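Listed below, chain by chain, are the residues.
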Amino acid sequence: MIRYHIGYDNPLTHFIRVTCTFQSTDTETEIRLPAWRPGRYQVQNFAKNIRGFEVSQFGRKIRCSKASKDTWLIRHEPGEVVVSYEYYAFKMDAGNSWLDEEQLYLNFINFALYLPEQMNQKHQVVLDVPQDYRVATGLEEVGSFTFECESFYALVDSPLMASNSLRQVSYEVGGHDFHIWIQGKLPQTDEALIADFKPFTLLQMEVMGGFPCPAYHFLIQCLPYNHYHGVEHLNSTVITIGPGHELAERKLYKEFLGVSCHELFHTWNVIRIRPAEMSPYQFDKENYHVTGFVTEGVTTYYGDLFLAQSGVFSQEEYLGEINKLLKRHYSNEGRKNYSVADSSYDLWLDGYERGIP
């Protein structure tokens, strides 16, 4: 089992302390940090946020050297090895990590080291947080602030929020539990949220023939400034949205419902129905594929359609979303130079930052 102990000294520095412990019968181990994260096809080099990297065994420091920008080579005796470091958790969006005096929000893909030959072993996480904190995550809780999963793949597909101000709204569909966890202020009542979330959840399950996990978690960061982002995961999603007070108006609230329905449909499309080139994920390099129009395009299409067919969107609102997509298509000259397959491949170049016109 690979174990991670996560805590912090001063939340205002935004540095989390990470201790990773593993067993090895070898005398040399390669340990890595992911270079990118599923859901965003861009090399992000998370290792740039690490400081104070140290390795110890039997209570004393041992030799360690870098083999690449995000790979370390550890020479040790057979037995337990402890790796400790700090990670700067100070980027707020749906795919990164954040620490302040109000919450600890983690995407393990940002900072969790992995051993290539032990990725399918059980992984455990222990949090050192205030006792009055509640934790929202799709990970299995096995003890006080202690969580486990079956592999590294499951760990990095299970984000986590911990705070003493989390709001929880729950509903049930077809024997499956759905939880909406809210950090920040969302104006809608519990009843209003359930009235909108439950219909599109039910319709998705009817169309797809069930639901692939017993429980699902919407992790919502409701922010005081402009923001809009969502990332899909194994049995959860993180959605960052703001400004929170504008969610009282239909315009932004409609966008919030749209991204929520979109991310829920990813539970099937991409998470379980995935391009062969990404099965399994390779975290040390680009995972090229030519079907981005399926992974994201089909999800976007169905996300809006489910909202219309379930009655959550009016016909006028649905046609407005379709019109936005059509305008985006016809005003994009790139379609005259690239096929959708070529464009999918080049996501890794300019999918998230401006390239040539």
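Residues numbered from 1 in each chain as written. Predicted model: local features only at pLDDT ≥ 70, side-chain atom pairs only at ≥ 80, totals over all residues. Heavy atoms only, no water.

A few words on unusual backbone geometry. Cis geometry marks the peptide bond from Gly242 to Pro243, where omega comes out at 0 degrees. Within the secondary structure, Pro243 is located in the loop between strand E20 (236-242) and helix H3 (250-265). A cis amide bond links Ser279 to the next residue, Pro280, at an omega of -5 degrees. Tracing the backbone through its elements, the reader meets Pro280 in the loop between H3 and helix H4 (292-309). Not every positive phi belongs to a glycine, and Asn45 is a case in point at roughly 50 degrees. Despite not being glycine, Phe145 has its phi angle at roughly 55 degrees, a positive value. By relative accessible area, which is 10% here, Phe145 ends up buried. (Helix = DSSP H or I, 4+ residues; strand = E, 2+ residues; numbered from the N terminus. Buried < 20%, exposed > 50% of the residue type's maximum accessible area, 1.4 Å probe, protein only.)

Taken together, the side chains of Tyr288, Val290 and Tyr345 make up a nonpolar region of the molecular surface, amounting to roughly 250 Å² of accessible area. Relative accessible area serves as the criterion here: at 33%, Tyr288 is assigned to the partly exposed category. (Patch = residues over 30% accessible without salt bridge, like charges linked within 9 Å, V, L, I, M, F, W, Y side chains within 5 Å. Areas by Shrake-Rupley, 256 points an atom, 1.4 Å probe, with all protein chains shown as cover. Salt bridge = Lys/Arg side-chain N within 4 Å of Asp/Glu carboxyl O.)

It is worth spelling out the packing of helix H2 (residues 190-208) against H4 at this point. For the pair H2 and H4, interaxial distance at closest approach is 9 Å and the crossing angle is 115 degrees. Here H4 runs roughly perpendicular to H2, going by the angle between their axes. For the pair H2 and H4, the sense of crossing is right-handed. Contacts between H2 and H4 involve Phe200, Leu203, Gln204 and Val207 on the former and, on the latter, Phe306, Leu307 and Gln309. Residues belonging to the contact of H2 with H4 are distributed by class as follows: five nonpolar, two polar and no charged. (Axes fitted to C-alpha atoms, helices over the stretch in contact; angles between N-to-C directions. Parallel < 35°, antiparallel > 145°, perpendicular 65-115°, else oblique. Left-handed = near helix turned anticlockwise from the far one by under 90°. Contact = heavy atoms within 4.5 Å. Nonpolar A, V, L, I, M, F, W, Y, C, P; charged D, E, K, R; others polar.)

What follows concerns the side chain of Gln44. Locating Gln44 in the fold gives a position in the loop between strand E3 (28-32) and strand E4 (50-57). For Gln44, a relative accessible area of 13% puts it in the buried group. With residues up to four places along the chain from it excluded, the contact list for Gln44 reads Ala35, Trp36, Arg37 and Asn96.

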